Structure formats: structure tokens, C-alpha cells
Amino acid sequence: MDGTSKSDSWRADRDHFIHPYTDFTTFAETGSQVMSHGDAMMITDEDGRSYLDGIAGLWCVNLGHGRREIASAMGEQAARLGYFNTFGHSTNTPAALLARKLAERTPGDLNHVFFTTGGSTANDTAVRLAHYYFNRLGKPAKKKILSRHNGYHGSTYFAAALTGIHGIHYGFDRIAEDIVHHLSAADCFRRPDGMDEAQFCDFLVDEARYRIMQLGAENIAAFIAEPVMGAGGVLVAPEGYHRRMADLCRENDILYIADEVVTGFGRLGHWFASEDRFAHVPDILITAKGISSGYCPIGAAIFSDRIHEVISVPQGPGGVLTHGFTYSGHPVSCAAALKSIELYEQEDVFANVLDTGPYLQERLQGLTRHEIVGDVRGEQLMAGVELVANRASKTSFAPELAAAEIVFGRARELGVIVRPVGNTVIMSPPLIISREQVDKLVDALDQAIEDVSGQLL
Ligand code: PLP
């Protein structure tokens, strides 16, 4: 971090704010960059330095920064009704309308919405209610969850247990190891030598089938997967993988949970990627982030009719579904989400993704001219550039070299923000990006890699 600013905010932050995912050594030295305001694709810090936001805040500000319409909708709702709980039989208008809107926009019979505070709590909700569903069906042994290495599902204790990124667990305890089982990542770049993509797909599905046999389908409740892995390095599965995994799940009475926290609301050019891109309808769909374009914390676990029919039957006279968050269906968050959805519809934002997304991917392919670029991958406005110490052997840079972090730092000096994750540089810009801005993003990244390559090799 630059941390050249020494404002009151900078000091307050350094002394008291425990940041998510922070390197405390460098933090103690430099503190934080205090972001001040944003406008469309640009974000500006309190020293007046402006950057092209290549990551939409954190995969979420899909409509861009400074949208007055969303701010007004939130402000008006806060003034009208800032909060009242939605437990039992009380509701509020934005929550009710948003639930209906989501039911309309999600595929198939995903018609029943449980609101949460974000993606982690939505994933926790999905698993807790999946267990409850099988308990109610008289199948209490169905508890295990299949997840995947490199999958990211959040930071609450159970969402972290679902997460398959090794580094995230370092120094922490792992819970539910008897419940959560990780399958191989659908990582085409690091697939076994000699396999083409179709064979790799067979390999992954066979592995899942074998694991189901080993564990016993009667013990497995659900499979959870991101349509395209995000924080795990932007990994696009081989063609047909999700559809085949969905079939396998159905054959074995295993619920398919699609974690669309990143891919939902247009990042791949559709409302949701599961059906429109990957040709299957999950049993539970998870969304957050883009639902409110990042303007307010909100997530949702959306359930099929089939599941709802079971979990909505009371366990006995007066029995209630004992699950919920104070802020489930928060009126201000729901108002932000409703307005965001209205803007997605009115401004034909996803058509822009289908134009600029392929252009971004095509332009990024040019980065393979650098020796340290091992793989360029992604889909639409989700992209990853994996850096390697040796391209022929695909040898990774040692983590302590922080290669992607160095590229991120240089790119920022050049005026664009990307995101370093492991050895991969990730991009997920707001969906309103223009072709000229794609050029600016890729040119700066190209220059940054050029500038630091000597230092890294
Ligand atoms: N699932 C996926 C795919 C994510 O990318 C994230 C966050 O990045 C989460 C879940 C967790 O969401 P949250 O940070 O809102 O709890």
C-alpha cells in the first residue's frame, strides 16, 4: 500500500481496524490507502489519485460507482422504514418485491428466497437447510457435502469449511472435516499431463462418481460449486462439466448448490450462469454481491419448489423454521437490490458484457508474450492471468516472492486496480466498462508485467 496519506482516517484505520485478508507486516509499515469516492469506472483515494477499477470493488460493483439512483432508493427507503424484522409473519415492501423479482429471474422452479447478509451466510443457510430438508424427509444420514479444491465459499466458519483454497486454512482450525469432502478443482491449466479437455472432464466426473460410491450416496446431502471459480484463480471448467455433475447429483439424490455469488447478475453476460451458460438448473442458487451492485450488504439462498414443499411443512403444531438473521430482508438492502435490478434491465448492461467480455479475453491473450505469464483464462468479464517461474514446467513462483502482488503494485502506479490472488492476477471490472477502458486496463497490466518481469525471473 502507498499509505502516503497521513489523515485522521488513515491513523484511525491503522490503529483500530482489523482488515480482512491483510498482511500485518506491510500494513504496520504503510497503513491503508483510504478510498474516498467513485464515479462509474473510476475510484479515487483521499489524496486525489484516481484509478480505473478493474475489480468492481470486489467482484460486486457491477453498475459502476456513484450511481445516484441506487443511493436515492436507499435513502428514501431508510427515511420511510429503516428497519423492522422479517421474522415470523412481518415483512416490508422492498423485501417482498425483491423475492418475487428473484423468483422471476432465476431459472426453473427456483421460486423461494431466503435473504441473508452476504454470500457466506447464504452458503451457510443452503447447507443448514439442505440438512434440515433431508431430516424432514426421514434421511438424516444425508449430511456430507461435496465441495472442490480451490472453491471459495466464504468466511463464516462453515463457509470456510466448504472453501477448498489451502492457504486460507493455514494456522486456522478446520471444522466439519467428516462432513465436507473436496473433489479436484476443474483446473484445465493444471490438468494431468496428456489429457485433453474432454478427457479431463471425464476424469473429474469419474472422480466424483467414485467418491459418491466411497462415501455412499445415502450419506451425501449436496454438492456445491461456483459456475466459474473466482477467488480460486478464475478457473473455467471443461465444457459439459456442470451439466454432467448436475445429472450425477440428480441420479444420487444429491442437491446441487450453485454458488453464483460472483457469476450472478451479469458477470458472464446473463442473469445467472447456471442455466444460460451451463445448461442446468440447480436445486439451490446462491447470490450476493451484484444483487445490489455492492451498494448494500445482502445475499440470498434461493430454493426450488421441491425443497420448499418439504421445509415449509411445520414440524408440529406451532413449529417454526428456526433459521434467520436480524438483517434477513433488510429494507434498505432490498431497495438497493431492486433498484440495481431495474438498472440492469433498463440499461441493457448484460449486452455490454457480451461485447466487452470477449474483447477483454482476446486482448489479454496478448500477455502470453511475457515469459512469466503461464496462462490467461476466463470468460466474459471474469479473467485471470497466472504468473509462473517457468512456463514449460508450469512451476509456480514461491509464495514469498508475492509475484502477483508486485504486478498489482506496479499496475496501480500506472492507474489501474487489479487483484492479486496467489500467483494469479484477477480482473472483474464493472459491467459498464467500454472497449477503450478494456484497452486501458490491459495496456497497463501489460506494461506492469513488462516492468517487473526482470525483478521476478
Ligand atoms: N461465494 C463466492 C463464490 C465468493 O466469491 C464469495 C466472496 O467473494 C463468497 C461466497 C462469500 O461472500 P461474502 O464475502 O459476501 O460473505
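A quick note: this is a predicted structure, and the numbers were derived from the prediction, not measured. Here the residue numbering is sequential within each chain, running from 1 through the sequence in written order. Predicted model: local features are reported for residues with pLDDT of at least 70 only, side-chain atom pairs are reported and counted for 80 or more only, and whole-chain, interface and lining totals are derived from all residues.

**Here's the deal with the site of the ligand**
Phase 1 of the analysis: Using the backbone to place each C-beta atom, any residue with that atom within 6 Å of a molecule or strand is considered near it. In the vicinity of the ligand, 15 residues are found, and the nearest of them are Gly118, Gly119, Ser120, Gly154 and Val261.
Phase 2 of the analysis: No other element matches helix α6 (residues 119–136), which puts 3 residues into the shell around the ligand.
Phase 3 of the analysis: Its residues placed into classes, the shell around the ligand shows 5 nonpolar, 8 polar and 2 charged. By the criteria applied, helices consist of DSSP H or I runs no shorter than four residues and strands consist of E runs no shorter than two, each listed in order from the N terminus. For this classification, the nonpolar set comprises Ala, Val, Leu, Ile, Met, Phe, Trp, Tyr, Cys and Pro, the charged set comprises Asp, Glu, Lys and Arg, and every other residue, Gly included, is treated as polar.

**Focus on the sheet that holds strand β4 (residues 110–116)**
Phase 1 of the analysis: Reading across from one edge, β4-β12-β11-β10-β7-β5-β6 is the order of the 7 strands in this open sheet, with mixed pairing throughout. A single partner strand is all that each edge strand has here, and the edge strands are β4 and β6 (180–183). Pairs of neighbouring strands in the sheet enclose a mean axial angle of 20°, with direction left out of account.
Phase 2 of the analysis: When DSSP locates at least two bridges between a pair of strands, those strands are taken to pair. The pairing of strand β11 (residues 284–287) with strand β12 (residues 299–304) spans 4 bridges and is classified as antiparallel. Within β12, the residue paired with Ile286 across the bridge is Ala301.
Phase 3 of the analysis: Running at roughly 135° to β4, helix α5 (residues 93–105) makes contact with β4 and β12 of the sheet. Fitted lines through C-alpha atoms give the axes, limited to the stretch in contact for helices. The angle between two N-to-C directions lies from 0 to 180 degrees. In this description, any two residues whose backbone-derived C-beta atoms lie within 7 Å of each other are considered to be in contact.

**As for the confidence of the model for the chain**
Detail in the predicted coordinates should be disregarded across regions flagged by low pLDDT.
Phase 1 of the analysis: For every residue, the predictor assigns a confidence score, pLDDT, that lies between 0 and 100. Chain-level pLDDT for the chain is 97 on average; 99% of the residues reach the 70-or-more range.
Phase 2 of the analysis: Taken over the whole predicted complex, pTM reads 0.98, whereas the ipTM for its chain interfaces reads 1.00.

**Things to note about the environment of Arg277**
Phase 1 of the analysis: Here Arg277 shows up in the loop between α11 (273–276) and β11.
Phase 2 of the analysis: For every residue, the other C-beta atoms within 10 Å of its own C-beta are counted; 20 or more classify it as buried, 12 or fewer as exposed, and values in between as partly exposed. C-beta atoms are placed from the backbone. Classification of Arg277 by C-beta neighbours within 10 Å gives partly exposed; the count is 17.

**Observations concerning the packing of helix α9 (residues 197–215) against helix α10 (residues 241–251)**
Phase 1 of the analysis: The N-to-C vectors of α9 and α10 enclose an angle of 20°; their axes lie 10 Å apart at closest approach. Relative to α10, α9 is oriented roughly parallel. As for the relative orientation of α9 and α10, their crossing is right-handed in sense. Contact residues: α9 offers Cys201, Leu204, Val205, Ala208 and Arg209, while α10 offers Tyr241, Arg244, Met245 and Leu248.
Phase 2 of the analysis: Each residue belonging to the contact of α9 with α10 can be placed in one class, and the counts come to 7 nonpolar, no polar and 2 charged. Every angle not falling under 35 degrees, over 145, or within 65 to 115 is termed oblique; those three ranges are roughly parallel, roughly antiparallel and roughly perpendicular. Note on convention: near helix rotated counterclockwise from far helix by under a right angle means a left-handed crossing. Clockwise means right-handed.

**Some thoughts on the sheet that holds strand β1 (residues 35–39)**
Phase 1 of the analysis: Strands sit in the order β1-β2-β3-β16 across an open sheet of 4 strands; the sheet is mixed. Of all the strands in the sheet, the pair left with one neighbour each is β1 and β16 (416–417).
Phase 2 of the analysis: As paired elements, strand β2 (residues 42–45) and strand β3 (residues 50–53) share 3 bridges and run antiparallel to each other. Bridge pairing in β3 links Ile43 to Tyr51.

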